Amino acid sequence: MSMTNREALAHELDAPPWRRVESTLMATANAIHSAYDHRLEPLGLNLSLASLLSYVADFGPVTQTRVAEHLGQGRAVTGTQIDRLERDGLVERRPDPSDRRVWLVAITSAGESLVEQIADVDRVLRAELRAGISRSDRQTLASTLVRLQQNLHPIEPQGEQP
């Protein structure tokens, strides 16, 4: 019994690079990021700013370092984002009463009302993204993605600068 060319290409490793799991995963992540940016644009935000603002709303007041660690980005980038949110009146910097060298980032009332709108955008977009995908399929996907993340830990560069 011989396989047709189509059957032969059905195996993932025989597929062109743009059809492999990793490429599909990266393209999907980029598309989701873009969709969030597009939906958040009317609020004057992108996904990075909305994530920062939501984190401060949930866990603030917090240090810039803690925000950067949570978001998985550098302190300088985080500082620039905080500057922007502060300029827009959405967060404020306060002195840390336990350490005069440190500033805490806290949400303002304007920021709190915007976080409610962010949550609405998130709720709607997640429902659209999950349409036609069962809970069981989402759980399987989540488990697989966690396993991919675990597989990355031993091969991630440790302490290297780009």
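A brief structural summary. (Residues numbered from 1 in each chain as written. Predicted model: local features only at pLDDT ≥ 70, side-chain atom pairs only at ≥ 80, totals over all residues. Heavy atoms only, no water.)

1. Things to note about the nonpolar core
Phase 1: Counting residues in hydrophobic clusters, the biggest one holds 22 residues, and the most contacted among them are Leu40, Leu45, Leu53, Val56 and Leu85.
Phase 2: Elements that contribute at least two residues to this core include exactly α2 (21-40), α3 (47-59), α5 (75-87), β3 (99-107) and α6 (109-130).
Phase 3: Element by element, the count of residues in this core is highest for α3, at 6 residues. (Core = buried A, V, L, I, M, F, W, Y, C linked by side-chain atoms within 4.5 Å. Buried < 20%, exposed > 50% of the residue type's maximum accessible area, 1.4 Å probe, protein only. Helix = DSSP H or I, 4+ residues; strand = E, 2+ residues; numbered from the N terminus.)

2. What to know about the layout of surface pockets
Phase 1: Here the largest pocket defines a volume of roughly 630 Å³.
Phase 2: Along its surface, the largest pocket is lined by 17 residues, and Thr28, Ile32, Leu141, Ala142 and Leu145 are the ones closest to its centre.
Phase 3: Elements with a contribution of two residues or more to the lining of the largest pocket: α2, α6 and α7 (135-152).
Phase 4: In terms of residue count, the dominant contributor to the lining of the largest pocket is α7 (7 residues).
Phase 5: When grouped by side-chain class, the residues that make up the lining of the largest pocket number 10 nonpolar, 3 polar and 4 charged.
Phase 6: Tyr36, Leu40, Leu47, Ala50, Ser51, Ser54, Val115, Ile118, Ala119, Val121 and Asp122 together form the lining of the second largest pocket.
Phase 7: Of all the secondary structure elements, the ones that give two or more residues to the lining of the second largest pocket are α2, α3 and α6.
Phase 8: In terms of residue count, the dominant contributor to the lining of the second largest pocket is α6 (5 residues). (1 Å grid on protein atoms, 1.4 Å probe; cavity = no way out; pocket = protein on both sides within 12 Å on 5 of 7 lines; lining within 4 Å. Points joined across faces, edges and corners; volume = space filled by probe spheres on them. Nonpolar A, V, L, I, M, F, W, Y, C, P; charged D, E, K, R; others polar.)

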